[in-house]
Structure formats: structure tokens, C-alpha cells
Amino acid sequence: MMFDMLFSVPNFGWTRSVVLAAGVALGACVGCHPAEALSADSGSCLIIDSDAGLDDFRAVAALGALGPSVPARKVAAIITTEGVARSPEGAGAMERFLKNAGLTIPVIQGVLPNPKRRFTAEHPLDPRLPIWRKEAELLNLTLPEVERQANPAGEDVAVLLRRHTETCTSISLLVIGPWTSFLRYAPDILGRIERIVVQGRPYPDELGGEPAGFNCTYDVDSCLAAFDLLVGRQQRGGRRFRATWVDIPQGPEACAKAEPGVNAEGEPLWAFAPVESWENELRELADRYQKGEVDRGQPARAVAGLLRNRQGLANNSLWDDLAALFLIRPELFAVRGGHVEPCVPAATVRANLSAAMILPERLH
Ligand SMILES: [Ca+2]
């Protein structure tokens, strides 16, 4: 999530994928999923590595609805890595959310970070983290108490992930949390990864910047080690390996029809936020897709429930939502600096996210 955003690694050569923007189909196709970026072979899987923040749940709702409908694009597993939420508590919250959303996706606890790890002096951890953690682990305070996922066998993330990726011939990895767990499971899947989509942007917004941003700062040593690993992967895999940063517009210049990130005085505008009206829009959409006992609107309704407590959404933005949407509708994004960002208004982004949260008819 958030802040002044991540890093780039010298000589890493992130692929600046996709282009284009204005003028292309801006509308939301409810219940259908173009998903050009997700390949259609039968062994194509998506893994989501998440720290179970409130934006993570929204991202999962949009992508999770893809999985059961099109097995070739299934979400093989969600890993909960400690960041905003803790790992077992984040896994418990994620399982509860998935149940509320009517989605069946394996949830695996990530490994714990080194308790003596360092934080960067430039980006110390935010003192508001305990509040964010409580809100995330309690699904924006909709749960009466924290639900920790049990792991009686004590098996770690790599062992558990193997079971869910055996048939995956190519893997897309969405990283919307710290990199701690990635280092543990990477040897098993790195050769099959065709692309990595990461929330954030390099800092500076080009090759050669220094790591920054919450997902990196929380476990900076793992973050740096992960990117050292990926540099080697790209050298071996060449152009077949793709990684894309996705971020909200933050600068003074609007990209096509997207709202600018700051006003004339340079103050943040937070246009790409989970606004209050989105809750009602999601509920109305979910109700439209509930026919008798068939409820195709469950993911949308579950997300609407997370938008009820506005206090928990103060200064919240569509960070991880956008990273998920990039996997679904890449044509809505354009390259800017070292990252991609949406080139459509925030309302269009929210409409497309809402549409992705409706379960396809073929499920029922
Ligand atoms: Ca996150």
C-alpha cells in the first residue's frame, strides 16, 4: 500500500508494459472479464501475496470472482504476509472475507519477518499502524474479535503453496504486501512466473531509485533481497519475464481523463478513493444480481460491508484495487515514468472494479 511509494532497482529493467488509454472502451462490463493480461492456457494461475489491508480485500474480491468462472485464470492461493495485518490474523480475516464473498480460494499464512529487522530512517513505520492493523484484522471493525487461522501441522508457506500450484504451468504473481514470504516460496515458482504486478512505483519514478514505501520498508531486507533475486531472474528469463508497477495518479498532470493527484497548491486530492457512494452502488449492483437463491453479487456485497465504517477508510485509497484492476483491464492504464496508472476517471475505475466483483453466470 501507500505512501510515497516504492523503489526501483538499478539495472533491473522493469518492463514498461502496456500503453494506451483514452478512447478505449471505458465502460464496465458487468459479469464478464476481458482479462487480456491473464493468459488463457489451462495451466495459468494467479497467486496473490497480501498483507490483508482493507484495499487488499477489495482487490481479492475483484480477482477472486474471476477464478471459479474461468479455471484457466484461477487464483491458486492467497498468501498473507505480515504488514498491515499480522500473518495468522490476516489469514483468518481473509478466510472470513472470502466466506462472506462466496469465494473459495486457499489462504496460506506467510512466514514471519525477522523481529530484529531494520527499518529505513527515511521511512520509519507509521505510528498509525496499530490502528490500521486492528481495522484490517477486524474487517473494518465488522468482526467482534480477531480470528486467527490455525496451522496445526506447522507447515510453512512454501510447502503449502506447492500443493496449490502443482498444475500451474505459468504463474502471475500479484504482490500487494511485504516481500518476506516471497523469499521462502520463490525457488518453487520463480521459473514459472510469467509476470509480477506490484502495487506502487519506483522512487524516483524511473530505474535507479532507492527502495521506499510501506511494503518495502516493513521488511526492507527481504524487499532488497527479493529484488536482487528478480534481477537474476530477468537476466536468465529475459523478455519473457515481466514486472509492472501500478499506482494511483499522484502528480499534478492528469493522465487523459483521470483526475490529477494534487491540486494547484500541491495538496493531495485523493480522487482515487473508496468514496462513500461506492457502498450504495455496490449494494444496488449486488441486489440486481441476486435472483432467488442464486446470489452472484456476494463479492460486491462483502466489499460494500467493508465500506460501512468510514472512519476506517480515512486517507484510504485504491492502491491494491488498481493493481488488481490492471490484471483485469490493462487497457485502462498507461505508462507514466516507471509505473502504470489509470487513464480513466476514478468513477470509471470504481465501476470496473464493481463489475469484476459480480460472479459470472456460468458458476450457477
Ligand atoms: Ca496491501
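For the structure itself, consult the block above.
In this numbering scheme, every chain counts its residues from 1 along its sequence in written order. Where local features are concerned, this predicted model is filtered to residues with pLDDT of at least 70; where side-chain atom pairs are given and counted, the filter is 80 or more; whole-chain, interface and lining totals use all residues.

Visitor: Hey, could you run me through the overall build of the protein in this one?
Guide: The helix and strand labels rest on DSSP assignments: H or I over at least four residues marks a helix, E over at least two residues marks a strand, and numbering proceeds from the N terminus. Counting secondary structure elements, the protein contains 12 helices and 10 strands. The burial criterion counts other C-beta atoms lying within 10 Å of a residue's C-beta, which is placed from the backbone; the residue is buried at 20 or more, exposed at 12 or fewer, and partly exposed between these limits. Within the protein, buried positions represent 51% of all 364 residues. Contact criterion: two residues are in contact if their C-beta atoms, reconstructed from the backbone, are within 7 Å. Of all intrachain contacts in the protein linking residues separated by at least 6 positions in sequence, the fraction that spans at least 24 positions is 80%.

Visitor: Could you clarify how one ought to interpret the environment of cysteine 216 in this entry?
Guide: If you trace the backbone, cysteine 216 turns up in helix H7 (residues 214-217). Placed 37 residues apart in sequence, cysteine 216 and tryptophan 179 show a C-alpha to C-alpha distance of 7.1 Å.

Visitor: Whenever I open this one, the nonpolar core confuses me. Can you help?
Guide: Grouped burial of nonpolar side chains is what soluble globular proteins tend to show. Ala62, Leu63 and Leu174 are the most contacted members of the largest nonpolar core, which totals 98 residues. The biggest single contributor to this core is helix H11 (residues 319-328), with 8 residues. Once residues lying within four places of it in the same chain are set aside, the contact partners of alanine 62 are Asp321, Ala324, Leu325, Ile328, Leu353, Ala356 and Met357. Think of a nonpolar core as buried Ala, Val, Leu, Ile, Met, Phe, Trp, Tyr and Cys residues chained together by C-beta atoms that fall within 7 Å.

Visitor: How should the environment of glutamate 95 be read in this particular structure?
Guide: Tracing the sequence through the fold places glutamate 95 in helix H3 (residues 87-101). We classify glutamate 95 as partly exposed; it has 17 C-beta atoms within 10 Å. The spacing of glutamate 95 and arginine 148 is 53 residues in sequence and 9.7 Å in space, taken between C-alpha atoms. When residues no more than four places from it in sequence are discounted, the contact partners of glutamate 95 are Val107 and Gln149.

Visitor: Explain the environment of phenylalanine 272 to me, please; I cannot follow it from the model alone.
Guide: Within the secondary structure, phenylalanine 272 is located in the loop between strand E6 (242-246) and helix H9 (276-288). Classification of phenylalanine 272 as buried rests on a count of 24 C-beta atoms within 10 Å. In this structure, the C-alpha to C-alpha distance between phenylalanine 272 and proline 249, residues 23 residues apart in sequence, is 7.9 Å. In this view, phenylalanine 272 contacts Ile248, Pro249, Ser317, Leu318, Ala346 and Val349; residues no more than four positions away in its chain are not counted.

Visitor: How do you make sense of helix H12 (residues 346-356) when you look at a structure like this?
Guide: For an α-helix the count is 3.6 residues per turn, leaving residues at separations of three or four pointing the same way. A large share of H12 lies buried, amounting to 9 of its 11 residues. Looking only at H12, the buried set comprises Ala346, Val349, Arg350, Ala351, Asn352, Leu353, Ser354, Ala355 and Ala356. Elements in contact with the buried residues of H12: helix H1 (54-64), H9, helix H10 (298-306), H11 and strand E10 (339-342).

Honestly, that's just the spatial picture; any functional story needs more than this.
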